[in-house]
Each structure stands twice: as C-alpha cells, then as structure tokens.
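Chain residues, written in single-letter form:
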Amino acid sequence: MAEKIRLKLVTPSRLLLDEEVDEVTAPGALGEFGVLPKHISFLTLLEVGEMSYKQGGERHHLALSGGYAEVLDEVMTVLAGAAEYSDEIDIERARAARERAEKRMAELSQEDKEFAAAEAALRRALVRLQVAGKEARK
Amino acid sequence: MATLKVIRKRIGSIRNTQQITKAMKMVSAAKLRRAQEAVLQARPYAEKMAALLKNLSARVSAEAHPLLMGREEKKAHLLLLTADRGLCGGYNANLIRAAEGFLRSQGAEKEVHLTIVGRKGVDYFRRRQVEIADRYINVTNRPPEELACELAEKMIGRFRQEEADGVYILYSRFRSALSQVPTIEKLIPVATGGEEGEGEITEYLFEPGVEALLSSLLPKVVEVVIYRALLEASASEHGARMTAMDSATTNAAEMISSLTLQMNRARQASITRELLEIVSTAEALK
C-alpha cells in the first residue's frame, strides 16, 4: 500500500486527527461516499452519520454530527461539528438522549418547529449508539 | 501614633487578603492555561472554515446569499462580551470604554442596539439607563459551543428580520497574560476575505451545489467567529485577573513590610520609654 491519503479531522474544540490513511468513508449529503488516493477535488456537505477510515489494515469508526468535507491534492479535510471515536462514546448518555428525543417526538406534532430539532437529536443519538457498537480503534 | 495592637491587627488582615489574592492568582493561572489551550485548539477549525468560505464565495456573486449582502446601515447591533466577575484589573472597564466609543461614533447617524454577555457589562449599561436588547449573565460556566450557537442564531435572526443592518462583535483579543486588546469585528454581513486573493481557484466537484453549501456554511461561519471570540475573551479574562491578583499580592507584601517596620519602631519606642521611666524613678528614690 504505497499510496495514502492524508486525513485531517477538525472539530471546533480540537484537531482530532492528522494522519496518513488508506481509505475513508463518510456520510455525504447525497449519500455515503468513499475516498481513496487520487480522488478528484471534491467539496461536500456531511450528514449526521458514521465515518470510518482504514489505516494499516485496521478500520476505525467515528460518530459524526454533520459538517463539511474537502478533498484536495491527496488531503482530505473534514470539518465536523462534533466527532467521537467509537470507544469515546458515552453509551449511557446516548441512550438517555435517544429516550429524551423519542419522548419529545411523541409529544409534539410534526409541524412543530421543535420536532425537527428532536428528530435531529434522535439521529445523533442513534448514530452514536450504532458506532459505539463497533470495535474499538486499538 | 498607632498603637502596637492596632498595627498588628492590620498586618494580620493584610496577610489574610494576600493569601486570598495569591490563591486567586494561582486559580487564574491554571484556568488561563486551559483557556489558552482551547484558543489554540480552535484555531485550525476556524482557519479551515475561512478558507472554505473564501473558496466558495469566489464562485458566486455577492447577492448569492442574504448573509453576504451588505445594505445601507441604518441600524447597527453590537454584541459585547464582558465578564461575569470583577477583580480582573481593567478588563471590563476597557471593554466598556470601547463599547461607549462605538456607541458615540456610530450612534450619531444610526440606531445602535446592544446585546451584552456578562454581568459586568449588563450592570454598567443598566445603571446608565441604556437600553439592552438582550442580555446573558452567568454564562461563564456554560460550554462555549452552546452559547455561540445560540448567539449566532439570535444575531442572524436580527439581521434577517432587518432589526439590524450590520452586526458587530466587541471582545477582548488575547495577546498575552499581560496584554488584552478590546477588538471590534464585523460579524454580519459576513466578510469573505476573498476580494484580491484570486488566481488559485481549484476545480472542485460540489455536492450538493455551491449555493446549498454556502447557505449551510454561512451561519456556521458566524457561529465560529463568536465561538472563537468567546474563547479569546475567556483567556483574556483569566490573564487579566492573574495579572491583577499578582500585583495585588505584591502590593500586600509591600504594605506588610512597611507596617512591620512601623510596628518595630513603635515597640522600640515603648521599650525606651519604659526604660526611661524606670531609670528616672530609681534616680528620684536616691
């Protein structure tokens, strides 16, 4: 595996990752996409979802809560609102968030402004739980 | 001449104060380190965001999005970030002075509304009966991401509903622990910073599309600017407090040493007086 792509993962609170990886998969606005070396220059919106990358035969999973991704000259930059590794996720908290969101959604009507907010919270919680189930990064 | 007892009491009380200021200085130093770290950590995100915005906005006209479009400024809005707590030297006073300056210079030709974060700023303008559109107190403990998100939403809402034609943010930029500079930046309409920087426009594949990306990015940019300002402000506050407490501790030490001198002199004087009395009594008895 000679060819690698540089993955930079930045969140508002820190530079989470800046490393050479083999392959990246991320949740784009128009569906999940994969990035391999020699990818075309590319800019996209990211959805709430699961992102993963492969490095030296190991696959690492992260929960992503939306953002942007840019691929340019063998460098992929991901700007995420928040990102957590699968082993960093607080499962209890995510479960509580899911329950809270489900309750809110049951109470509110679909037209309500807060319905969308609750739905988004539910999506984030579900992604966290899904990613937390995957094996740890090391 | 103060009596021995009085001086001793004063030394005791100054020593207590000194202990408090010393502790506060230490706490501030620790908090400053953390706040400074946060400022540094947030930098890559903000820089990348700005680069992205520049790149995107170079492809569209200025009318592509309402947040980019400037209009005649009849009403301005100032978002002022101050501290909740005092005892940090001139930190709040400097910010308030800068805000007053802004109000004076802009207030002549247009309406200026205020949103104030931090108790010190709120108190000041309330005492002077200046109308405050929105206030946030006791926010120091809230996570700055959350606050930035809320503030950004409010500010964008004001701009959209034409309650303000321009939004400015006034905060204290952190230079070093000794120097914090009140800084005013224009928040909305968003400055793209890409007027002259042409030439290196790379070909991109956009998904979903330039406009959609831009309209999702712009509110985020506002949020990031506010977020960064909040972090800088908090680092500045701790820096200012640390410096203030450091000089307070030094002052207390100086005061203690001068009072100790005074106390020793008073003690010496009373001993001399007693001796004199004894000697003269003995002399008289002969």
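Thresholds applied
- Residues numbered from 1 in each chain as written.
- Chains lettered and ligands numbered in written order.
- Predicted model: local features only at pLDDT ≥ 70, side-chain atom pairs only at ≥ 80, totals over all residues.
- Heavy atoms only, no water.
- Helix = DSSP H or I, 4+ residues; strand = E, 2+ residues; numbered from the N terminus.
- Buried < 20%, exposed > 50% of the residue type's maximum accessible area, 1.4 Å probe, protein only.
- Contact = heavy atoms within 4.5 Å.
- Areas by Shrake-Rupley, 256 points an atom, 1.4 Å probe, with all protein chains shown as cover.
- Domains from an automatic or database assignment.
- Buried area = accessible area lost by both parts, 1.4 Å probe.
- Salt bridge = Lys/Arg side-chain N within 4 Å of Asp/Glu carboxyl O.
- Polar contact = N/O pair within 3.5 Å; in protein donor to acceptor, adjacent residues only side chain to side chain.
- Nonpolar A, V, L, I, M, F, W, Y, C, P; charged D, E, K, R; others polar.
- Pairing = 2+ DSSP bridges.
- Expected span 1.5 Å × (residues − 1).
- Arc of directions from axis to C-beta.

## Some points on the overall build of chain A
The helix and strand inventory of chain A stands at two helices and eight strands. The C-alpha extent of chain A, read off along each of the three principal axes, is 55 × 30 × 25 Å. Out of the 138 residues belonging to chain A, those deemed buried represent 44%. Counting contacts in chain A only where the partners sit at least 6 residues apart, residues at least 24 apart contribute 54% of the total. When the accessible area of chain A is evaluated, it comes to approximately 7,100 Å², of which 47% is carbon and sulfur surface.

## Observations concerning the domain arrangement of chain A
All names here are of chain A. What the domain assignment lists for chain A is domain 1 (5-86) and domain 2 (90-132). On a C-alpha basis, the centroid separation for the pair domain 1 and domain 2 is 24 Å. Overall, the association of domain 1 and domain 2 removes approximately 740 Å² of surface from exposure, summing both partners, and the carbon and sulfur fraction of that is 64%. Where domain 1 touches domain 2, the interface holds one salt bridge. One salt bridge in this structure joins Arg128 and Glu84, with 2.5 Å as the shortest N-O distance. Taken together, the elements giving at least two residues each to the side of domain 1 that touches domain 2 come down to β5 (42-55) and β6 (58-72).

## Details of the interface of chain B and chain A
Listed per partner, the contact involves 22 residues of chain B and 22 residues of chain A. Taken together, the two surfaces of chain B and chain A that pack against each other cover about 2,000 Å², and 70% of this comes from carbon and sulfur. Linking chain B with chain A are one salt bridge. The salt bridge involving Lys48 of chain B is made with Glu70 of chain A; its shortest N-O contact spans 3.3 Å. Inspection of the chain B/chain A interface yields five residue pairs in polar contact (both at pLDDT 80 or more). Only α1 (4-57), β6 (205-207) and α5 (210-285) of chain B provide two or more residues apiece to the side of chain B that touches chain A. Element by element, the count of residues in the side of chain B that touches chain A is highest for α1 of chain B, at nine residues. When grouped by side-chain class, the residues that make up the side of chain B that touches chain A number 13 nonpolar, four polar and five charged. In this structure, β5 of chain A lies alongside β6 of chain B, joined through three bridges in parallel fashion. When the bridges of β6 of chain B are listed, Thr44 of chain A appears paired with Glu207 of chain B.

## Considerations on the environment of Ala266 of chain B
Within the secondary structure, Ala266 of chain B sits in helix α5. Taking the C-alpha atoms as reference points, Ala266 of chain B and Ile7 of chain B, 259 residues apart in sequence, are found 9.3 Å from one another.

## Concerning the pattern of salt bridges
One pass over the structure, following the stated rule, counts 20 salt bridges over all chains. Where Arg95 of chain A meets Glu92 of chain A, a salt bridge forms, and the shortest distance between an N and an O atom there is 3.6 Å. Of this pair, Arg95 of chain A and Glu92 of chain A are both found in helix α1 (residues 91-107), three residues apart, which corresponds to roughly one turn of the helix. The exposure class of Arg95 of chain A is partly exposed, given its relative accessible area of 38%. The exposure class assigned to Glu92 of chain A is exposed, which follows from its relative accessible area of 57%. For Arg126 of chain B, the salt bridge is made with Asp123 of chain B, and the minimal N-O distance between the two is 3.0 Å. Pair noted here: Arg126 of chain B and Asp123 of chain B are both in helix α3 (residues 119-127), with a separation of three residues, about one helical turn. When salt bridges that share partners are traced, they join Asp134, Lys154, Arg158 and Glu163 of chain B into one network.

## Things to note about α1 of chain A
Residues and elements named next belong to chain A. Its 17 residues place the ends of α1 24 Å apart at the C-alpha level, agreeing with the 24 Å of an ideal helix rising 1.5 Å per residue. Looking at α1, one finds that the buried residues are Ala94, Ala101 and Met105. Considered in projection along α1, the buried side chains sweep an arc of 35° and stay on one side of the axis. Facing away from the buried side of α1, by more than 90 degrees, are the exposed residues Glu92, Arg100, Lys103, Ala106 and Glu107. Packing partners of the buried residues in α1 comprise α2 (113-132).

## A short note on the side chain of Thr249 of chain B
Topologically, Thr249 of chain B is positioned in helix α5. In this view, Thr249 of chain B contacts Gln18, Thr21 and Lys22 of chain B; residues no more than four positions away in its chain are not counted.

## Comments concerning unusual backbone geometry
Following Ile188 of chain B, the chain continues into Pro189 of chain B via a peptide bond in cis, with omega recorded as -5°. Along the polypeptide, Pro189 of chain B turns up in the loop between β5 (179-188) and β6. Backbone geometry at Asp73 of chain A places phi at a positive 50°, although glycine is not the residue there. Counting through the fold element by element, Asp73 of chain A comes out in the loop between β6 and β7 (75-80). In this structure, Leu87 of chain B takes a positive phi of about 55° despite not being glycine. As for its position among the elements, Leu87 of chain B is in the loop between β1 (75-81) and α2 (91-107).

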